[in-house]
Amino acid sequence: MTTAAPAKPARRTPLPRNAARNSAEARIVRSIGEAIADRRLPPGTKLTEESLAEAFGVSRERVRKVLLLLAQRRVVTLIPNRGAFVAKPTPKEAREVFEARRVIERAIMDRLERLPRPLPDDMLEKLRDHGALEDAAERAADRKAMIRLSGQFHLLLAEFAGNATLAGILTDLIDRSSLAIAAFERRSSHTCSADDHRRLIAALIGNRPGEATTLMIEHLDEVERQLDLETKTDTRIDLKAIFADEPEPA
Ligand SMILES: [Zn+2]
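The paragraphs below set out a description of the structure included in this document. Sequence positions are assigned chain by chain, starting from 1 and proceeding in written order. Two thresholds apply to this predicted model, a pLDDT of at least 70 for residue-level local features and 80 or more for giving and counting side-chain atom pairs, whereas whole-chain, interface and lining totals are computed over all residues. The side-chain values count all of the structure's non-hydrogen atoms but skip hydrogen atoms and water molecules.

### Overview of the overall build of the protein chain
Part 1 of the reasoning: Secondary structure counts use DSSP, requiring at least four H or I residues in a row for a helix and at least two E residues in a row for a strand, with both numbered from the N terminus. Broken down by element type, the protein chain carries 10 helices and three strands.
Part 2 of the reasoning: Each helix and strand of the protein chain, placed in order from N terminus to C terminus, yields the pattern α-β-α-α-β-β-α-α-α-α-α-α-α.
Part 3 of the reasoning: Within the protein chain, buried positions represent 41% of all 250 residues.
Part 4 of the reasoning: Where accessible areas are quoted, they stem from the Shrake-Rupley method and a 1.4 Å probe; at the residue level, only the protein chains shown are allowed to cover. Of the roughly 15000 Å² that the protein chain leaves accessible, carbon and sulfur atoms contribute 53%. For the exposure calls, accessible area comes from a 1.4 Å probe over protein chains only, and a residue counts as buried if that area is under 20% of its type's maximum, exposed if over 50%, partly exposed in between.

### Some points on the coordination of the zinc ion
Part 1 of the reasoning: Only nitrogen, oxygen and sulfur atoms qualify as donors, and only when within 2.8 Å of the metal (3.2 Å in the case of Na, K and Ca); with water excluded, sites may look incomplete. Surrounding the zinc ion are the protein donor atoms His154 (NE2), Cys192 (SG), His197 (NE2) and His219 (NE2), at 2.0 to 2.3 Å.
Part 2 of the reasoning: Any coordination sphere not matching a tetrahedral pattern (four donors, all angles between 85 and 135 degrees) or a square planar or octahedral pattern (four or six donors, opposite donors over 155 degrees apart, other angles between 65 and 115) is reported as irregular. Relative to the metal, the four donor atoms surrounding the zinc ion lie at angles of 102 to 118°, and the coordination shape comes out tetrahedral.
Part 3 of the reasoning: The exposure class assigned to His197 is buried, which follows from its relative accessible area of 1%.

### Some words on the sheet that holds strand S1 (residues 46-47)
Part 1 of the reasoning: Taking strand neighbours across the sheet as the criterion, the three strands line up as S1-S3-S2 in an open arrangement whose pairing is antiparallel. In this open sheet, the two strands that pair with only one neighbour each are S1 and strand S2 (76-79). A pair of strands is considered paired only if DSSP assigns at least 2 bridges between the two.

### Side note on the environment of Val75
Part 1 of the reasoning: Inspection of the secondary structure puts Val75 in the loop between helix H3 (60-72) and S2.
Part 2 of the reasoning: Each C-alpha atom, one on Val75 and one on Phe85, is 8.8 Å from the other, the two residues being 10 residues apart in sequence.
Part 3 of the reasoning: In this view, Val75 contacts Ile36, Leu70, Phe85, Val86, Ala87, Asp175, Arg176 and Leu179; residues no more than four positions away in its chain are not counted. In this description, contact between two residues means that some pair of their heavy atoms is separated by no more than 4.5 Å.

### A short note on the pairing of S2
Here is the key point about a regular strand: its side chains alternate between the two faces of the sheet.
Part 1 of the reasoning: Bridge analysis of S2 against strand S3 (residues 83-86) gives four bridges, and the strand direction is antiparallel. Bridging across to S3, Val76 finds its partner in Val86.
Part 2 of the reasoning: Taking the residues that link successive antiparallel strands as the turn, the S2-S3 hairpin has three residues, and the phi of Asn81 there is positive, at about 70°.

### With respect to the nonpolar core
Part 1 of the reasoning: By size, the foremost hydrophobic cluster in this structure holds 28 residues, and its most contacted members are Ile108, Met109, Leu112, Leu127, Leu157 and Phe160.
Part 2 of the reasoning: For this core, the element with the highest residue contribution is helix H6 (residues 143-161), accounting for six residues.
Part 3 of the reasoning: Excluding anything up to four places from it in sequence, Leu157 contacts Ile108, Met109, Leu112, Leu127, Leu204 and Met216.
Part 4 of the reasoning: Counting residues in each nonpolar core, the second largest holds 22 residues, with Ala35, Leu52, Ala84 and Ala87 among its members. Think of a nonpolar core as a cluster: buried Ala, Val, Leu, Ile, Met, Phe, Trp, Tyr and Cys residues, connected wherever their side-chain atoms sit within 4.5 Å.

### Thoughts on the pattern of salt bridges
Part 1 of the reasoning: Definition used for salt bridges: Asp or Glu carboxyl oxygen within 4 Å of a side-chain nitrogen of Lys or Arg. A full pass over the atoms with the stated rule returns 19 salt bridges.
Part 2 of the reasoning: Here Lys92 and Glu96 are joined by a salt bridge, their closest N and O atoms 2.8 Å apart. A residue pair is termed a helical-turn pair when its members lie 3 or 4 positions apart in one helix, as Lys92 and Glu96 do in helix H4 (residues 91-114) at four residues.
Part 3 of the reasoning: Note on Lys92: relative accessible area 56%, which makes it exposed.
Part 4 of the reasoning: Its relative accessible area of 36% is what places Glu96 among the partly exposed residues.
Part 5 of the reasoning: Within this structure, Asp135, Glu138, Asp195, Asp196, Arg198 and Arg199 form a network of salt bridges that share partners.

### Observations regarding helix H5 (residues 121-139)
Part 1 of the reasoning: How far a helix is expected to stretch is found by multiplying one less than its residue total by 1.5 Å. Here H5 spans 27 Å end to end across 19 residues, near enough to the 27 Å set by a 1.5 Å rise per residue.
Part 2 of the reasoning: Every buried residue belonging to H5 is among Met123, Leu124, Leu127, His130, Gly131, Glu134 and Ala137, and all of these are buried. One side of H5 holds all its buried residues, which, seen down the axis, span an arc of 160°. The exposed residues of H5 that point more than 90 degrees off its buried face are Asp121, Glu125 and Arg139.
Part 3 of the reasoning: On the buried face of H5, the contacting elements are H6 and helix H8 (194-206).
Part 4 of the reasoning: Phi turns positive one or two residues past the end of H5, at Ala141, with a value near 50°. It is the directions from the helix axis to the C-beta atoms that the arc portrays.

This is the structure we're talking about:
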């Protein structure tokens with residue numbers, strides 16, 4: 001794994017110290033979230049403070065703060081005396097995350113469906129631009145871009161809905177669903193379908209009442225259905241049930 005941090009964009013006006021610190025932490029949180037989403041950091045990966053500090057060019061203290069923040073969001077698990085690890089969701093947690101996404105994203109779609117039509121030009125433009133980017137990534141079979149863009153699509157809708165609290169909750173849930181997908185996907189090729197997103201964009205622009213919300217719920221159901229939540233990683237196997245048919249000792 002390379003440790004090169006992405007180039008830092010140049011800022012025109014210096015930020016106050018606190019804001020700069022917070023934005024550096026936000027940048028690391030985002031980068032780790034993206035690395036989890038595109039499987040560079042699979043569930044269970046050890047996150048050493050020293051390597052992260054080097055990779056992002058920040059102090060270990062700041063890395064520790066980021067890890068604590070990620071642990072609060074249940075993206076990272078902290079184990080005393082062993083350190084920080086990318087969280088490994090259980091099948092139950094994975095189901096809970098998708099259930100929570102359906103609740104939050106239904107509320108987001110409700111708000112979007114109530115917006116006056118036609119939608120504002122800048123919103124239409126962003127939706128169409130995003131659709132075009134997903135199409136291009138799909139045509140190029142650029143899996144990393146497809147994963148990143150599919151998460152961004154859901155966050156874009158949250159942003160349009162204009163409720164920052166819902167958007168914040170969804171950001172956490174998207175990171176946690178990335179972990180669930182990484183831990184339980186049946187085929188390595190699957191993520192959100194660009195086709196579903198295309199239909200969602202058309203439904204939002206076309207304003208057929210209720211259609212966009214229905215499509216979103218079906219879309220999330222479909223992503224959850226792609227996961228194998230029945231057979232993997234459940235270590236609480238009932239040994240007596242498994243060996244129930246063993247012959248009695250003679
Ligand atoms: Zn999606």
